[in-house]
Amino acid sequence: MIRLHHCVSARSFRPLWLLEELGQPYELVMHSFPPRMRDEAFLEINPLGTVPAFFDGEVAMTESAAICQYLASRRPEAGLEVAASEPAYGDYLNFLHFGEATLTFPQTLVLRYGHFEPPERRQPQVVEDYARWCLSRLRTLAPRLEREPFLCAGRFTAADVSVGYALLLASHIGLEERFKPAVADYWARLQQREAFQCALAAEREAALAQGVSPEPAMAVGGAA
Ligand SMILES: N[C@@H](CCC(=O)N[C@@H](CS)C(=O)NCC(=O)O)C(=O)O
């Protein structure tokens, strides 16, 4: 059975959402954020101290976009990957990794210097600069999303999960009202997916059952 270590609304939401899209059974292990400070034993599971930590038999992975790629390619019949033989393969890989490498990076700085650092270490200028940077990167998706319902291949894929998580995080840090209309509509479409709703319900239920706050870390505070 797949085991996924997760914090509410953290990047581990990507594999959680993908597992729900695939209808694949999994065990969800919840941690308070940040696990490296709240749960020392977690460092034995993942020496990086980060989530996701994902285990599938002998396979251990810690990169959310790579886990999505792994899961989607193990079940090609679900259509959540774009095969190397399809014309949209390059777009697929690009957006899958764009979600983490290009979009989530500036958001991390917004979170750290706007939410997680103690008040005396907060940096409003850093928060605004990196919020703008994130929004300008997001804006590049608008022309494509004005023409297409999803990012590539004319269908929902793991790339939408990767970018969709960055939109979830953007909404938690107050950037949603600054989305371009096509990006806002896309975000609304993603949230309507049954698997997205199931992933939200699963993390809440598991958090409550395991004695972890079901609120996103950025709502309750914590160290970065
Ligand atoms: N590139 C990794 C980043 C993983 C990561 O930094 N996760 C954050 C949660 S969103 C974390 O665990 N932070 C806690 C820490 O750095 O101690 C991925 O995409 O999974």
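The name an unreviewed UniProt entry assigns to the protein chain is Glutathione S-transferase family protein, from the organism Halomonas mongoliensis.

Participant: How would you explain the pairing of strand S1 (residues 2-6) if you had to name every residue and give the values?
Facilitator: Where S1 meets strand S2 (residues 26-30), five bridges bridge the pair, whose relative direction is parallel. In the sheet register, His 5 faces S2, and the bridge partner there is Val 29. Between the parallel elements S1 and S2, the chain passes through helix H1 (residues 13-22) in a crossover that is right-handed. As paired strands, S1 and strand S3 (residues 53-56) are joined by three bridges and run antiparallel to one another. Each bridged residue has a counterpart across the sheet, and for Leu 4 the counterpart in S3 is Phe 54.

Participant: Lay out the site of the ligand in plain terms, naming residues and giving numbers.
Facilitator: Around the ligand, the neighbouring residues are Ala 10, Arg 11, Pro 34, Arg 36, Gly 49, Thr 50, Val 51, Pro 52, Glu 63, Ser 64, Ala 65 and Glu 100. Its residues assigned to classes, the shell around the ligand shows five nonpolar, three polar and four charged.

Participant: I'd like a rundown of the packing of H1 against helix H4 (residues 64-74), residues and numbers included.
Facilitator: Contact geometry of H1 with H4 gives a least axis separation of 9 Å together with a crossing angle of 15°. Here H1 is positioned roughly parallel relative to H4, judged by the angle of their axes. The interaxial crossing formed by H1 with H4 has right-handed handedness. Residues Arg 14, Pro 15, Leu 18, Leu 19 and Leu 22 of H1 touch H4, and the partners they reach there are Ser 64, Ala 65, Ile 67, Cys 68, Leu 71 and Ala 72. Taken together, the residues of the contact of H1 with H4 sort by class into nine nonpolar, one polar and one charged.

About the thresholds
- Within each chain, residues carry numbers counting from 1 in the order of the written sequence.
- The model is predicted, so local features are restricted to residues of pLDDT at least 70 and side-chain atom pairs to those at 80 or more, both for listing and for counting; the totals for chains, interfaces and linings are taken over all residues.
- Whether two strands pair comes down to DSSP finding at least two bridges between them.
- Helical segments are the DSSP runs of H or I of at least four residues, strand segments are the runs of E of at least two, and each set is numbered from the N terminus.
- When the strands point away from the viewer, a crossover counts as right-handed if the route from the first strand across the helix to the second turns clockwise.
- For each residue, a C-beta atom is positioned from the backbone; the residue is called near a molecule or strand if that atom sits within 6 Å of it.
- Classification convention: Asp, Glu, Lys, Arg as charged; Ala, Val, Leu, Ile, Met, Phe, Trp, Tyr, Cys, Pro as nonpolar; all other residues, Gly among them, as polar.
- What counts as an axis is a line fitted to C-alpha atoms, over the stretch in contact for a helix, and the angles between N-to-C directions run from 0 to 180 degrees.
- Here the word oblique covers every angle except those under 35 degrees (roughly parallel), over 145 (roughly antiparallel) and from 65 to 115 (roughly perpendicular).
- Left-handed describes a crossing in which the near helix is turned anticlockwise from the far one by less than a right angle; the clockwise case is right-handed.
- Two residues qualify as being in contact provided that their C-beta atoms, derived from the backbone, are within 7 Å of each other.

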